[in-house]
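What the coordinates show
The residues making up each chain are set out below.
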Amino acid sequence: MPIPEDVTGEEIDKDVRQELLSLPKTLADDVAKNLVMVAKLLDEDPEKAYGYSRVALRLASRVAAVREAAGFAAYAVGKYSEALAEFRAARRMTGSVELWPVMADCERGLGRPEKALAMAGEPEVHKLDKAGQVEMRLVAAGARRDMGQADAAVVTLQSPELASSAVHPWTARLRYAYADALLEVGREDDARDWFARALEADQGGTTDASDRLAALDGVEFTDALEDSDESEDAAGDEGARDDEGPAQD
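As a starting point, this report considers the structure included with it. (Residues numbered from 1 in each chain as written. Predicted model: local features only at pLDDT ≥ 70, side-chain atom pairs only at ≥ 80, totals over all residues. Heavy atoms only, no water.)

Here we look at the overall build of the protein chain
Put simply, the test is: Counting from the N terminus, the helices are the DSSP runs of H or I reaching at least four residues and the strands are the DSSP runs of E reaching at least two. Buried means the residue's accessible area, taken with a 1.4 Å probe over protein chains only, is under 20% of the maximum for its type, while exposed means over 50%, and partly exposed covers the values in between. Note on contacts: a residue pair qualifies if any of its non-hydrogen atoms lie within 4.5 Å across the two residues. Each accessible area is a Shrake-Rupley result for a 1.4 Å probe, and residues are judged covered by the shown protein chains and nothing else.
Looking only at helices and strands, the protein chain features 14 helices and zero strands. When burial is assessed residue by residue, the protein chain has 39% of its 249 residues classed as buried. For the protein chain, the share of sequence-separated contacts (at least 6 apart) that also reach a separation of at least 24 residues comes to 51%. Summed over its atoms, the accessible surface of the protein chain is roughly 14200 Å², and 47% of this surface lies on carbon and sulfur atoms.

A look at the pattern of salt bridges
The cut-off we apply is this: Salt bridges are defined as contacts in which a side-chain nitrogen from Lys or Arg sits within 4 Å of a carboxyl oxygen from Asp or Glu.
Evaluation of the coordinates by the stated rule reveals 18 salt bridges. The closest approach of N and O atoms between glutamate 124 and arginine 91, which form a salt bridge, is 3.4 Å. Placement of the pair is glutamate 124 in the loop between helix H7 (113–119) and helix H8 (130–146) and arginine 91 in helix H5 (residues 80–94), with a sequence separation of 33 residues. Taking relative accessible area as the criterion, glutamate 124 reaches 16% and is therefore assigned buried.

Things to note about the packing of aromatic side chains
We describe a pair of aromatic rings using the distance from one ring centre to the other and the angle between the two ring planes. In plain terms, the rule: Stacked, tilted and edge-to-face pairs are distinguished by plane angle, under 30 degrees for stacked and over 60 for edge-to-face with tilted covering the rest, among Phe, Tyr and Trp rings (Trp via its six-membered ring) whose centres lie within 6.5 Å. Whether a charge sits over a ring depends on NZ of Lys or CZ of Arg being within 6 Å of the ring centre and within 35 degrees of the ring normal.
On inspection of all chains with the given rule, the structure shows four aromatic pairs. Seen in terms of ring centroids, tyrosine 176 and phenylalanine 195 are 5.3 Å apart; in terms of plane orientation they differ by 65°. Their pairing is edge-to-face. Residue tyrosine 176 is found in helix H11 (residues 171–184), and its partner phenylalanine 195 is found in helix H12 (residues 188–201); the two are separated by 19 residues along the sequence. Both residues of the pair, tyrosine 176 and phenylalanine 195, belong to the buried class. Geometrically, the ring pair formed by tyrosine 178 and tryptophan 194 is edge-to-face, given 5.1 Å between the ring centres and 85° between the ring planes. Residue tyrosine 178 is found in helix H11, and its partner tryptophan 194 is found in helix H12; the two are separated by 16 residues along the sequence. The ring of tryptophan 194 is capped by arginine 197, whose NZ or CZ atom sits 4.2 Å from the centre of that ring.

Re H11
Condition: How far a helix is expected to stretch is found by multiplying one less than its residue total by 1.5 Å.
Taking 1.5 Å per residue as the helical rise, H11 with its 14 residues ought to reach 20 Å, and the 20 Å between its terminal C-alpha atoms agrees with that figure. The element H11 is extensively covered by neighbouring structure, given that eleven of its 14 residues are classed as buried. Three or more residues of H11 are buried, namely Thr171, Ala172, Leu174, Arg175, Tyr176, Ala177, Tyr178, Ala179, Asp180, Ala181 and Leu182. On its buried side, H11 packs onto H8, helix H9 (150–157), helix H10 (160–163), H12 and helix H13 (209–216). One or two positions beyond H11, positive phi appears at glycine 186, with a value near 90°.

Describing the nonpolar core
Put simply, the rule is: Definition used in this section: a nonpolar core is a set of buried Ala, Val, Leu, Ile, Met, Phe, Trp, Tyr and Cys residues joined via side-chain atoms within 4.5 Å.
Counting 46 residues, the largest nonpolar core has Leu20, Leu35 and Val66 as its most contacted members. At the level of elements, helix H2 (25–41), helix H3 (46–59), helix H4 (64–76), H5, helix H6 (100–109), H7 and H8 are the ones that each hand at least two residues to this core. Among the elements that take part in this core, H2 stands out by supplying eight residues, more than any other. Setting aside chain neighbours within four positions, we find leucine 20 in contact with Ile12, Ala28, Val31, Ala32 and Val63. By size, the runner-up hydrophobic cluster in this structure holds 21 residues, among which are Val134, Leu138, Trp170 and Tyr176.

What about the side chain of threonine 207?
In plain terms, the rule: By the criterion applied in these results, polar contacts are pairs of N or O atoms within 3.5 Å in which, for protein atoms, one can donate a hydrogen and the other can accept it, and in which residues neighboring in sequence qualify only through two side-chain atoms.
Within the secondary structure layout, threonine 207 lies in the loop between H12 and H13. Accessibility expressed as a relative area gives 19% for threonine 207, which makes it buried. Here aspartate 202 takes part through its side chain, which lies 2.7 Å from a polar atom of the side chain of threonine 207. Separated by 3.3 Å, the side chain of threonine 207 and the backbone nitrogen of alanine 209 make a polar contact. Apart from the residues within four sequence positions on either side, threonine 207 is in contact with Ala172, Arg173, Tyr176 and Asp202.

So, in structure tokens, the structure goes:
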């Protein structure tokens, strides 16, 4: 797959660059460029990101960072079995538990929420950092909802992290998930409050909390540009009718 000229491979994380030192320099550079493309495209064009990840995987399947990147790319396009295999491979290579939550979420994607819930109770969870533990809580709550246990999902999300007024990178998503769970069990007023709290913490626009709030308030947004186009079309039609008048007379 083509690599843009402005991508040098130097953009990758220094720890990944360190892993690639085990490869011949030319090969390492090629792998690095493909990993950069995966990172650049993962959100905006996951299919292309997946393609670049497969190239990197063919070039350096014994590098843990490559297996991890391939896992996230497969996860992004819904290839959960493939993603889980790559994450497991990366974990075997590094011994790290940081991929545990996303591995559990792959189990959910494969229709095995019970397995995801079991993973939430494994010792590996205690080895995760705070962000990882919050992510695991989100996955566990999702698994509860998959199993039709909406009230249990609400309880699962109740935690010191949820109650804290401090804002962290994961705060908006945690509050949003709690609001959504509350809405499912019919607690609309509480849900509205927590969607508002999620919006307050959502500095990066990672959730659609503002849209959910508007929907609860019965507010409908219209596209101003679309309205303008419709007005112009209406004016054009009116003009056409005016022009047609004398001819018909």
